[in-house]
Amino acid sequence: MKKIFSRLAAFAAITGAAMLTSSSANAQYAQIANQIPDIISPALSGSMNYKGFVEATATFGIGNDRANFVGVSTTQGFQYASWFFMGAGIGVDVAMSSTGDNYNLGPRPDPDYSPGLARTKAMIPLFTDFRFNFGGNNGVSFFADIKAGATWLIGNSYLELNSGSLSTRTQFLLRPSIGVRIPTNSQNPKQAFDIGVTYQLITANNSWGYWNNSYYDTTINSLGVSVGYEW
């Protein structure tokens with residue numbers, strides 16, 4: 001008899017725990033379900049902390065395969081915290097290659113079997129953008145910005161470089177910047193001018209080499225300045 005009572009007690013305890021667990025889980029699910037409208041509503045109403053940037057850059061090539069770049073881009077995204085922004089952007093760059101003493105060490109590509117060459121080309125960068133603010137938004141402060149993505153030449157011709165030519169295929173792009181943020185509207189601290197120092201890296205494994213008529217890896221480094229406006 002004692003065994004029967006003990007088993008019934010154990011069963012009741014297990015059943016009660018299961019009911020409590022189920023009740024707790026259901027309460028959590030209900031809480032999550034109640035919070036979903038609070039999450040979706042700001043996005044639908046447009047009250048999320050949207051932020052936009054427009055930026056002009058000018059960088060000057062360093063190294064062997066060098067080129068100068070002038071461009072403009074825009075980034076759209078959200079300010080997730082007072083110190084952190086994340087978004088996506090697109091731009092237009094004009095690349096102007098410069099050659100030095102090592103120029104044309106080998107045969108030029110055969111025009112019958114390869115595209116033409118140009119020393120000035122337009123490029124389209126497409127990137128994600130991460131920005132970190134230091135010092136608050138109400139006064140002059142500092143920022144660090146990292147753009148990472150890809151860039152493409154426009155048109156069929158290749159960009160002429162010292163050791164070869166940059167092809168029209170996809171190139172990797174990295175563009176970090178550091179600078180000063182200067183608010184322009186005391187009533188709306190989201191509006192500000194940005195002045196920074198910018199480094200740009202383009203890497204590719206599909207450049208055409210003059211000396212061996214085959215593709216090779218190349219890196220284009222450039223350093224310059226950026227001026228932007230944010231709202």
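Residues numbered from 1 in each chain as written. Predicted model: local features only at pLDDT ≥ 70, side-chain atom pairs only at ≥ 80, totals over all residues. Heavy atoms only, no water.

Draft legend 1. Empty space enclosed by the protein, seen in detail. Enumeration over the complete set of coordinates arrives at 1 cavity of 30 Å³ or more. The computed volume of the largest cavity comes to approximately 40 Å³. Among the secondary structure elements, those contributing two or more residues to the lining of the largest cavity are strand E1 (50–62), strand E2 (66–81) and strand E5 (120–134). Partitioning the lining of the largest cavity into residue classes produces 2 nonpolar, 4 polar and 4 charged. (1 Å grid on protein atoms, 1.4 Å probe; cavity = no way out; pocket = protein on both sides within 12 Å on 5 of 7 lines; lining within 4 Å. Points joined across faces, edges and corners; volume = space filled by probe spheres on them. Helix = DSSP H or I, 4+ residues; strand = E, 2+ residues; numbered from the N terminus. Nonpolar A, V, L, I, M, F, W, Y, C, P; charged D, E, K, R; others polar.)

Draft legend 2. Summary view of the confidence of the model for the protein. Looking at the protein, pLDDT values average 81 and 69% of them are 70 or higher. Note that pLDDT drops below 50 for residues 17–22; the model gives that stretch 0 contacts with residues more than four away or on any other chain. (pLDDT = per-residue confidence, 0-100. Contact = heavy atoms within 4.5 Å.)

Draft legend 3. Up close: the packing of aromatic side chains. Taken as a whole, this structure holds 8 aromatic pairs when the rule is applied. Look at Phe 84 and Phe 132: their rings are 5.4 Å apart centre to centre, the planes differ by 40°, and that puts the pair in the tilted class. Highlighted residues: Phe 84 in strand E3 (residues 84–98) and Phe 132 in strand E5, separated in sequence by 48 residues. By relative accessible area, which is 26% here, Phe 132 ends up partly exposed. A centroid spacing of 6.3 Å and a plane angle of 25° characterise the contact between Tyr 229 and Trp 231, whose relative ring orientation is stacked. Taken together, Phe 78, Tyr 80, Trp 83, Phe 84 and Phe 132 form an aromatic cluster joined through their ring pairs. (Phe/Tyr/Trp six-rings, centres within 6.5 Å; stacked < 30°, edge-to-face > 60°. Buried < 20%, exposed > 50% of the residue type's maximum accessible area, 1.4 Å probe, protein only.)

Draft legend 4. The nonpolar core, seen in detail. One finds Ala 67, Phe 69, Ala 95, Met 123, Leu 153, Leu 159, Leu 161, Leu 166, Leu 173, Ile 202, Ala 204 and Ile 220 forming the largest nonpolar core, which totals 12 residues. For this core, the elements supplying multiple residues, two or more each, are E2 and strand E10 (192–209). Contact partners of Leu 159, with chain neighbours within four places excluded, come to Ala 95, Ser 97, Ala 118, Arg 119, Thr 120, Lys 121, Leu 153, Gly 164, Ser 165 and Leu 166. (Core = buried A, V, L, I, M, F, W, Y, C linked by side-chain atoms within 4.5 Å.)

Draft legend 5. The arrangement of the pairing of E2 in detail. Judged from the 10 bridges that link them, E1 and E2 form a sheet pairing that is antiparallel. Bridged to Thr 59 within E2 is Phe 69. Note: E2 against E3, 15 bridges, orientation antiparallel. Looking across to E3, one finds that Thr 75 is bridged to Gly 89. Connecting E2 to the next strand, E3, in antiparallel fashion are 2 residues. (Pairing = 2+ DSSP bridges.)

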